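Inside the fold
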Amino acid sequence: MSKNEQVKFWGHLTEFFCSNEGLSKNEVRKELEADGIDVDDYLANVHSMVRRSLQAEWRKRATLERSLREKKSDRLLEDVAVMNTEQLMLLISDARDGKYGPTGQELAIACRNESCEQMQPEDLKALAHDILQSSDGVEEEQE
Amino acid sequence: MMDDSTLKLLQSIDWGDVATRLLVHVRGKMKARGLVALPGGETAEDIAQIAIQRILDGRRKWNPDKHPNILNHLEWVADSLLSSKGLLGLKRPDIEFTDDEGQVLSDYPQPDDPAANNYAVDFATALKELVSGDSELEEVYTALLLGFSKPQKVADETGLKVTRVYELRRKMESRVKRAVESISEKEQRGTTDEQERAGEVLGTSD
């Protein structure tokens, strides 16, 4: 054999040893077990690691979303604080028509039963805040 | 933070399948060097798990658009880890066969590296001696020499069943281990001979 063939031989041997081509999942497992590997133990470690890492990612998302919701809520409180009664009543009326989504609509309809005109300004503002918070982009979609 | 689509993909992966195939890959790399553990004591299982962790924690980002097959990407990460642990081309941990990201550039000795090339020749020769007398192993050896490396291709070339080829692969592993050991012993004897000759020259030998 030529020196060149011998030099490349080791690379081919490595690929040969690394290959699991054509083996089913079960056959791969049996290959490892035949080699004395505790496959159950190995996979238990892998699954545990994957679960922990993915849970950490979802927790990061939940924390971020909570933070964004809190910031949005603060912003809405500021917006609602400067509305006069007429503006608040208009907002509630729009919500009844569905402008702020189904949740906002339900909130507004519940108010009608109480008769909004008799509500205190603070309560009207609280209702307006809840309607706006529940809308979550619905108004933007409709536009 | 990982993007949503990647996170959902990672959740949908059959880790039982991917992790075992990755382990076969890492073990194969080590077996081709006659090793069951790395010089630092890490096993193939350790390396495979570290590779998976690297992808999960983002240290080796997985881009599903660029590399849709996560197993291929994991194998690349594992190879990079092995190279960082000194398991490079052939017995030459001082040679950098990696790029800036630690990716192994080649499993082959570099053309301008005479020491690695000589080792490759010694290895092929030693292994040939160790498989002689076993006709099936000789056939597999020849197929590898001709450039066939996938078990199915080796099976096609030799006429053996692929299940038999996988069995012979296990037999070949023990021969490889012995080939590596025999080269190592020869090198040590060569070093001892050199030291003795040096001692004679300096007048320090007994």
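Data block above holds the structure.
Attention in this report is confined to the structure presented alongside it. (Residues numbered from 1 in each chain as written. Chains lettered and ligands numbered in written order. Predicted model: local features only at pLDDT ≥ 70, side-chain atom pairs only at ≥ 80, totals over all residues. Heavy atoms only, no water.)

1. Considerations on the overall build of chain A
In terms of helices and strands, chain A carries seven helices and zero strands. For chain A, the sequential pattern of α-helices and β-strands runs α-α-α-α-α-α-α. For 143 residues, the compact-globule formula gives about 15 Å, and the C-alpha radius of gyration of chain A, at 31 Å, lies well above that figure. With the C-alpha coordinates of chain A rotated into their principal frame, the extents come out at 100 × 35 × 25 Å. Out of the 143 residues in chain A, the part that is buried amounts to 36%. Sequence-distant contacts in chain A: of pairs separated by 6 or more residues, those separated by 24 or more amount to 62%. Accessible surface for chain A amounts to roughly 8600 Å². Of this, 47% is attributable to carbon and sulfur atoms. Looking at charge distribution, chain A has the averaged site of its 19 positive side-chain charges lying 6 Å from that of its 30 negative ones. (Helix = DSSP H or I, 4+ residues; strand = E, 2+ residues; numbered from the N terminus. Rg over C-alpha atoms; globule rule 2.2 N^0.38 Å. Buried < 20%, exposed > 50% of the residue type's maximum accessible area, 1.4 Å probe, protein only. Contact = heavy atoms within 4.5 Å. Areas by Shrake-Rupley, 256 points an atom, 1.4 Å probe, with all protein chains shown as cover. Lys, Arg positive; Asp, Glu negative; His and termini not counted. Charge placed at Lys NZ, Arg CZ, Asp CG, Glu CD.)

2. A word on helix H2 (residues 15–31) of chain B
Between the first and last C-alpha of H2 of chain B there are 24 Å, a value that for 17 residues agrees with the 24 Å anticipated at 1.5 Å per step. Burial within H2 of chain B is extensive, with 17 of its 17 residues counted as buried. (Expected span 1.5 Å × (residues − 1).)

3. Some remarks on the packing of aromatic side chains
For the structure on display, the rule yields three aromatic pairs over all chains. Summarising the aromatic geometry, the rings of Phe9 of chain A and Phe123 of chain B are spaced 6.5 Å apart at their centres and angled 40° between planes, so their arrangement reads as tilted. On the criterion of chain membership, the pair formed by Phe9 of chain A in helix H1 (residues 3–18) and Phe123 of chain B in helix H5 (residues 114–131) is interchain, its members lying in two chains. Just as Phe9 of chain A is buried, Phe123 of chain B falls in that class too. Between the aromatic rings of Phe9 of chain A and Tyr141 of chain B, the centroid separation amounts to 4.6 Å while the plane-to-plane angle is 40°, which identifies the pairing as tilted. (Phe/Tyr/Trp six-rings, centres within 6.5 Å; stacked < 30°, edge-to-face > 60°.)

4. Comments concerning the nonpolar core
Residues Leu10, Trp15, Leu22, Val26, Ile52, Ile70 and Leu74 of chain B are the most contacted members of the largest nonpolar core, which totals 41 residues. Listed by contribution, the elements that provide at least two residues to this core are helix H2 (25–34) and helix H3 (39–81) of chain A together with helix H1 (4–12), H2, helix H3 (44–56) and helix H4 (70–84) of chain B. In this structure Val26 of chain B touches Ala44, Ile47, Ala48, Ala78 and Leu82 of chain B, once residues within four positions along its chain are discounted. Core analysis: the next-biggest nonpolar cluster, separate from the first, contains 28 residues, Phe9 of chain A together with Tyr119, Val140 and Val176 of chain B among them. (Core = buried A, V, L, I, M, F, W, Y, C linked by side-chain atoms within 4.5 Å.)

5. Focus on the packing of H2 of chain A against H3 of chain A
Residues and elements named next belong to chain A. Interaxial distance between H2 and H3 falls to 10 Å at its minimum, and their mutual angle equals 120°. Along the contact surface, H2 presents Arg29, Leu32 and Glu33, while H3 presents Val39, Asp40 and Leu43. In terms of residue class, the contact of H2 with H3 is built from three nonpolar, no polar and three charged. (Axes fitted to C-alpha atoms, helices over the stretch in contact; angles between N-to-C directions. Nonpolar A, V, L, I, M, F, W, Y, C, P; charged D, E, K, R; others polar.)

6. Comments concerning the environment of Arg169 of chain B
Topologically, Arg169 of chain B is positioned in helix H8 (residues 162–202). Overall, the relative accessible area of 3% leaves Arg169 of chain B in the buried class. Counting along the chain gives 32 residues from Arg169 of chain B to Leu137 of chain B, while the straight-line C-alpha distance between them is 8.6 Å. Look past the residues within four positions of Arg169 of chain B in its chain and what remains in contact with it is Phe16, Phe17, Cys18, Ser19 and Glu31 of chain A together with Val24 of chain B. A polar atom in the side chain of Arg169 of chain B sits 2.8 Å from the backbone oxygen of Phe16 of chain A. (Polar contact = N/O pair within 3.5 Å; in protein donor to acceptor, adjacent residues only side chain to side chain.)

7. Examining the interface of chain A and chain B
Listed by partner, the interface residues are 43 residues for chain A and 62 residues for chain B. The contact between chain A and chain B buries some 5300 Å² in all, and 67% of this surface belongs to carbon and sulfur atoms. In this assembly, chain A and chain B are joined by seven salt bridges. Where chain A meets chain B, there are 19 residue pairs in polar contact (both at pLDDT 80 or more). Residue assignment for the side of chain A that touches chain B shows that the elements contributing at least two residues are H1, H2 and H3 of chain A. Classifying every residue of the side of chain A that touches chain B by side-chain character gives 22 nonpolar, 10 polar and 11 charged. (Buried area = accessible area lost by both parts, 1.4 Å probe. Salt bridge = Lys/Arg side-chain N within 4 Å of Asp/Glu carboxyl O.)

Distances and angles like these do not, on their own, reveal function.
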